[in-house]
Amino acid sequence: MPGLDQLEAFLRKDPTNTVLAADLLGQLLAAGHTEHALEVIGDLPPATRADHGVLFLEARTLLQSGRAAAAAGVLRSLLALGTDAPAIHHDLAYAEFAQGHFDIAAEALQPALQTDPPLPQAQHLQARLLHWQGRLDEALAGIDVALAQRPGDAEACGIRALVLLDLDRFEEAGQTALAALSHDPTQLEAGITAGTLALWSQRVDEAIAVFGATAKRHPQAGRAVAGLGQSYMLGGNIPEACRLLEGAVVRMPSHIGTWHALAWCQLLLGNLAGAQASYEKAFALDRGFGETHGGFAVLHALRGEVAEAEAAIVRARRLDPTGRSAVYAQALLLLADGRDADAAALVAPIVTQTPAAQETDPLEFLRRLRAQMTGA
């Protein structure tokens with residue numbers, strides 16, 4: 001089989017050859033060279049680019065490069081031209097799914113599920129849609145059907161692992177993720193599951209390795225990027241964590257926990273304005289989330305706004321009695337009031353659970369935290 005350089009040379013000599021163009025684009029996509037594929041598409045003569053097979057590959061290239069809306073437009077034009085295939089319906093559904101249009105995606109996906117047997121990618125996407133809609137039991141049932149039909153399906157296995165994780169079936173999720181990764185080390189959901197379990201167990205190096213590999217292979221996957229950022233945060237590399245979390249909130253603007261993680265990184269870098277903006281984003285998503293009010297309390301405490309901080313602490317504790325941010329805010333107020341021993345006693349239980357600070361004196365930890373946040 002000719003290599004990519006040879007195929008590209010052949011196409012330059014024969015740019016109207018639609019078979020050759022489709023072959024080159026297919027190989028570029030398989031190799032992950034999406035931007036190069038878009039350059040090739042842009043250089044094609046209009047008649048070659050209008051070929052339905054080439055148009056389909058253009059849509060898939062746009063989809064793989066994160067241009068979901070543009071991909072959906074190309075795919076809808078193909079359907080309007082009378083080209084109808086399960087793969088087109090699947091890719092259109094995926095393009096809508098990538099934009100968060102879950103109901104539209106579910107409707108677009110139906111023709112790809114009506115084949116006998118169903119298109120495997122369509123079964124995968126259906127489970128992902130159900131998962132994102134919070135219909136976890138339905139997602140699990142659907143992916144179990146796919147696995148019964150194809151027991152070695154690494155994609156289905158990985159999706160199953162993430163659904164199990166979100167169902168709090170942690171041991172089974174970990175085993176399923178490892179099984180998926182043994183078949184496909186780049187599988188997205190399995191990587192997210194394995195990385196999350198490592199992060200929650202405070203195995204920082206393992207979490208960074210797993211999330212790093214997953215995010216590199218799937219740069220548009222917000223949950224993988226966020227997990228990597230949180231892993232660096234747990235490991236004490238706050239600038240890198242902040243950079244990654246800034247990218248994660250772009251990919252997942254409605255995920256409140258990622259806004260909170262970003263806000264804390266910004267606090268630790270002394271960027272109070274950035275933290276304020278992040279907490280406001282979180283507040284817009286859910287006004288009744290305790291940790292958001294705790295974050296506002298920390299900001300008020302750092303600015304010396306005692307009455308406002310105390311009011312925010314009351315709200316935070318009412319909404320989430322176990323929230324950490326309210327504890328930090330109260331400790332900062334005590335520290336500012338000269339009540340060092342009380343402040344240290346308040347944060348001591350948290351310090352013992354913080355990997356980067358377990359051997360640190362609680363008072364010293366709190367003072368260092370305040371200094372980082374205020375730049376003092």
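As a starting point, this report considers the structure included with it. (Residues numbered from 1 in each chain as written. Predicted model: local features only at pLDDT ≥ 70, side-chain atom pairs only at ≥ 80, totals over all residues. Heavy atoms only, no water.)

### Observations concerning the overall build of the chain
Looking only at helices and strands, the chain features 23 helices and zero strands. Across its three principal axes, the chain shows a C-alpha extent of roughly 80 × 45 × 35 Å. Of all 376 residues assigned to the chain, the portion counted as buried reaches 47%. Once local pairs closer than 6 in sequence are excluded, the contacts in the chain between residues at least 24 apart make up 49%. (Helix = DSSP H or I, 4+ residues; strand = E, 2+ residues; numbered from the N terminus. Buried < 20%, exposed > 50% of the residue type's maximum accessible area, 1.4 Å probe, protein only. Contact = heavy atoms within 4.5 Å.)

### Description of the pattern of salt bridges
On inspection of all chains with the given rule, the structure shows 16 salt bridges. With a closest N to O distance of 2.6 Å, Glu155 and Arg128 form a salt bridge. Highlighted residues: Glu155 in helix H11 (residues 154-166) and Arg128 in helix H9 (residues 120-132), separated in sequence by 27 residues. Given a relative accessible area of 26%, Glu155 falls into the partly exposed group. Between Arg160 and Glu172 there is a salt bridge; the shortest N-O distance is 3.4 Å. Of the two residues, Arg160 sits in helix H11 while Glu172 sits in helix H12 (residues 170-183), which places them twelve residues apart along the sequence. (Salt bridge = Lys/Arg side-chain N within 4 Å of Asp/Glu carboxyl O.)

### Regarding the packing of H9 against helix H10 (residues 136-149)
Viewed as axis vectors pointing N to C, H9 and H10 meet at an angle of 165 degrees, and their least axial separation amounts to 8 Å. In terms of axis orientation, H9 runs roughly antiparallel to H10. In this structure, H9 meets H10 at a crossing whose hand is left-handed. Residues Gln123, His124, Ala127, Leu130 and His131 of H9 pack against Leu136, Glu138, Ala139, Ile143, Val145, Ala146 and Gln149 of H10. Looking at the contact of H9 with H10 residue by residue, the class counts come to seven nonpolar, four polar and one charged. (Axes fitted to C-alpha atoms, helices over the stretch in contact; angles between N-to-C directions. Parallel < 35°, antiparallel > 145°, perpendicular 65-115°, else oblique. Left-handed = near helix turned anticlockwise from the far one by under 90°. Nonpolar A, V, L, I, M, F, W, Y, C, P; charged D, E, K, R; others polar.)

### Side note on the packing of H10 against H11
H11 packs onto H10 with a crossing angle of 155 degrees between their chain directions and a minimal axis gap of 9 Å. Between H10 and H11, the angle falls in the class roughly antiparallel. Note on packing geometry: the crossing formed by H10 with H11 is left-handed. On H11, the residues touching Leu136, Ala139, Leu140, Ile143, Asp144, Ala146 and Leu147 of H10 are Ala156, Cys157, Ile159, Arg160, Val163, Leu164 and Asp166. For the contact of H10 with H11, the residue count by class is eleven nonpolar, no polar and three charged.

### Topic: the state of the cysteines
The full count for this structure, using the stated rule, is zero disulfides. Unpaired in this structure, Cys242 has its nearest cysteine sulfur neighbour in Cys265, at a distance of 5.4 Å. Residue Cys242 is classed as buried on the basis of its relative accessible area, which comes to 6%. (Disulfide = S-S within 2.5 Å.)

### Structural notes on the side chain of Gln123
Within the element layout of this structure, Gln123 appears in helix H9. A polar atom in the side chain of Gln123 sits 2.8 Å from the side chain of Arg150. Apart from residues lying up to four places away in sequence, Gln123 is in contact with Leu113, Pro118, Ile143, Val145, Ala146, Gln149 and Arg150. (Polar contact = N/O pair within 3.5 Å; in protein donor to acceptor, adjacent residues only side chain to side chain.)

### Some points on helix H13 (residues 188-200)
Compared with the 18 Å implied by 1.5 Å per residue over 13 residues, the 18 Å span of H13 between its first and last C-alpha is a close match. A large share of H13 lies buried, amounting to twelve of its 13 residues. In this structure, the buried side of H13 is in contact with H9, H11, H12, helix H14 (204-217) and helix H15 (222-235). Gln202 sits one or two positions beyond H13 and adopts a positive phi of about 60 degrees. (Expected span 1.5 Å × (residues − 1).)

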